[in-house]
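Here's the letter readout for the chains.
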Amino acid sequence: MGLGSSTQKIMPATREMVDQLIASDQIVIFSKKLCPYCKMAKQVFDSLNKKYTAIELDERDDAEEIQSVLGEITGARTVPRVFVKGECLGGGTDVKKLYDSGELQKKL
């Protein structure tokens, strides 16, 4: 009954929860454990010795809702979605490019 529907209505509580998760730490990564781009993003912050909060969507029952909210907020549902101080930096490739150029370090 609507579980597989792509027109799933996003509950305001989910949006509020995602906003709270993004605000919960300086660096927040919405991730999936086996995703190579998610691993890339985490490795960048690990190499900088920066603590981050990883929200592993493949371990959550509300992953689809969260990804829909991320789609509304950032324009993309894909993971990783990396937030630094509440600003979405994009995905793994975006974070790696920012790191390689030195721009990521300036944002931290």
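Scroll up a little and you will see the structure.
Owing to the predicted nature of the structure, the values given are computational and were not obtained by experimental measurement. Residue indices follow the written sequence of each chain, beginning from 1 at its first position. Note on the predicted model: pLDDT of at least 70 is required for a residue's local features to be given, and 80 or more for side-chain atom pairs to be given and counted; whole-chain, interface and lining totals, by contrast, use all residues. To get the side-chain values, take all heavy atoms of the structure and skip hydrogens and water.

1. A look at the sheet that holds strand β4 (residues 87–90)
The rule for pairing is simple: two strands pair if DSSP sees at least two bridges between them. Every helix listed is a DSSP run of H or I at least four residues long, and every strand listed is a run of E at least two residues long, numbered separately from the N terminus. Spatial ordering of the open sheet is given by β2-β1-β3-β4, a layout of 4 strands whose pairing is mixed. Strands with a single pairing partner mark the edges of an open sheet, and in this sheet they are β2 (53–56) and β4. Averaged over all neighbouring strand pairs, the angle between strand axes comes to 25°, with direction disregarded. As a rule, the C-alpha atoms of each element are fitted with a line to give its axis, helices using only the stretch in contact, and angles between N-to-C directions run from 0 to 180 degrees.

2. Section: the environment of Ile-55
For Ile-55, the location among the structural elements is in strand β2. Taking the C-alpha atoms as reference points, Ile-55 and Val-84, separated by 29 residues in sequence, lie 14 Å from one another.

3. Here's the deal with the pattern of salt bridges
By convention in these notes, a salt bridge is any Lys or Arg side-chain nitrogen within 4 Å of a carboxyl oxygen on Asp or Glu. In this structure the tally under the stated criterion is 10 salt bridges. Between Glu-87 and Lys-107 there is a salt bridge, with its nearest N and O atoms 3.6 Å apart. Remark: Lys-107 occurs in helix α5 (residues 103–107) and Glu-87 occurs in strand β4; sequence separation between them is 20 residues. For Glu-87, a relative accessible area of 39% translates into the label partly exposed. Here Glu-103 and Lys-106 are joined by a salt bridge, their closest N and O atoms 3.1 Å apart. Taken together, the positions of Glu-103 and Lys-106, both in helix α5 and 3 residues apart, correspond to about one turn of that helix. Classification of residues uses two cut-offs on accessible area relative to the type maximum, computed with a 1.4 Å probe and protein chains only: under 20% is buried, over 50% is exposed, and between them is partly exposed. Its relative accessible area of 63% is what places Lys-106 among the exposed residues.

4. A short note on the nonpolar core
Take the buried residues of types Ala, Val, Leu, Ile, Met, Phe, Trp, Tyr and Cys, join any two whose side-chain atoms come within 4.5 Å, and each joined set is a nonpolar core. Core analysis: the biggest nonpolar cluster contains 15 residues, and Val-18, Phe-30, Ile-55, Leu-57, Ile-66, Leu-70 and Phe-83 have the highest contact counts within it. Counting residues per element, the ones that place at least two in this core are α1 (12–23), β1 (27–31) and α3 (63–74). Of all the elements, α3 adds the most residues to this core, at 4 residues. What makes two residues a contact is simply this: any of their non-hydrogen atoms within 4.5 Å. Setting aside its immediate chain neighbours within four residues, Leu-70 contacts Val-18, Phe-30, Gly-75, Ala-76, Arg-81 and Phe-83. Grouped together as the second largest cluster of nonpolar side chains are 11 residues, Ile-27, Val-44, Val-84 and Leu-104 included.

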